[in-house]
Amino acid sequence: QVQLVESGGGLVQAGGSLRLSCAASGRTFSSYAMGWFRQAPGKEREFVAAISWSGGSTYYADSVKGRFTISRDNAKNTVYLQMNSLKPEDTAVYYCAAGLRLVPGRDPYEYDYWGQGTQVTVSS
């Protein structure tokens, strides 16, 4: 079992930055690939970024590539999402997820555990 708790969301102006954190419980955090997803009102949950269990491989949605950076600290059981050059269209609830797989997936169904989400609002 893995429990995930996101933090770091908030209100920011366009062009600004935020760093989201996802703290995980459990001694097997380093075994899990981790992903960030987001869901805007009236839209489906969409893939944002993912990182392999070791941190050696990262993956991004085209819409955030070059602006967002995913990282992890297995000693602290935490995964991060650094978000720069934020745009109003980045407004959504952001979720972190854990999946016991070698290669991180882009589909929500490939993840086993989810956090409760943190709201990110970008004003224009």
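See the structure printed just above.
Now for a quick tour of the structure.

Rules used in this analysis
- Residues numbered from 1 in each chain as written.
- Predicted model: local features only at pLDDT ≥ 70, side-chain atom pairs only at ≥ 80, totals over all residues.
- Heavy atoms only, no water.
- Disulfide = S-S within 2.5 Å.
- Helix = DSSP H or I, 4+ residues; strand = E, 2+ residues; numbered from the N terminus.
- Buried < 20%, exposed > 50% of the residue type's maximum accessible area, 1.4 Å probe, protein only.
- Salt bridge = Lys/Arg side-chain N within 4 Å of Asp/Glu carboxyl O.
- Polar contact = N/O pair within 3.5 Å; in protein donor to acceptor, adjacent residues only side chain to side chain.
- Contact = heavy atoms within 4.5 Å.

## Description of the state of the cysteines
Note on terminology: a disulfide is the covalent bond linking the sulfur atoms of two cysteines.
Argument step 1. Enumeration over the complete set of coordinates arrives at one disulfide.
Argument step 2. Shown here is the disulfide that connects C22 with C96, its sulfur atoms set 1.9 Å apart. On the S-S bond that ties C22 to C96, the torsion sits near 45°, and the link is right-handed. On the criterion of sequence distance, the pair formed by C22 in strand β3 (residues 18-24) and C96 in strand β9 (residues 92-99) is long-range, its members being 74 residues apart. C96 carries the same exposure label as C22, and that label is buried.

## Comments concerning the pattern of salt bridges
Argument step 1. One pass over the full model with this rule turns up five salt bridges.
Argument step 2. For D90, the salt bridge is made with R67, and the minimal N-O distance between the two is 2.8 Å. Of this pair, D90 sits in the loop between β8 (78-83) and β9 while R67 sits in the loop between β6 (58-60) and β7 (68-73), and the two are 23 residues apart along the sequence.
Argument step 3. The exposure class assigned to D90 is buried, which follows from its relative accessible area of 0%.
Argument step 4. Because the salt bridges share partners, they merge into one network encompassing R38, E46, R67 and D90.

## Things to note about the side chain of T118
Argument step 1. With respect to the helices and strands, T118 occurs in strand β11 (residues 118-123).
Argument step 2. The buried category is assigned to T118, whose relative accessible area is 11%.
Argument step 3. Within the structure, the side chain of T118 is placed 3.2 Å from the backbone nitrogen of G9, a separation counted as a polar contact.
Argument step 4. Ignoring anything within four residues of it in the chain, the contact list for T118 reads E6, S7, G8, G9, L20, A92, V93 and Y94.

Geometric descriptors of this kind do not, in isolation, establish any biological role.
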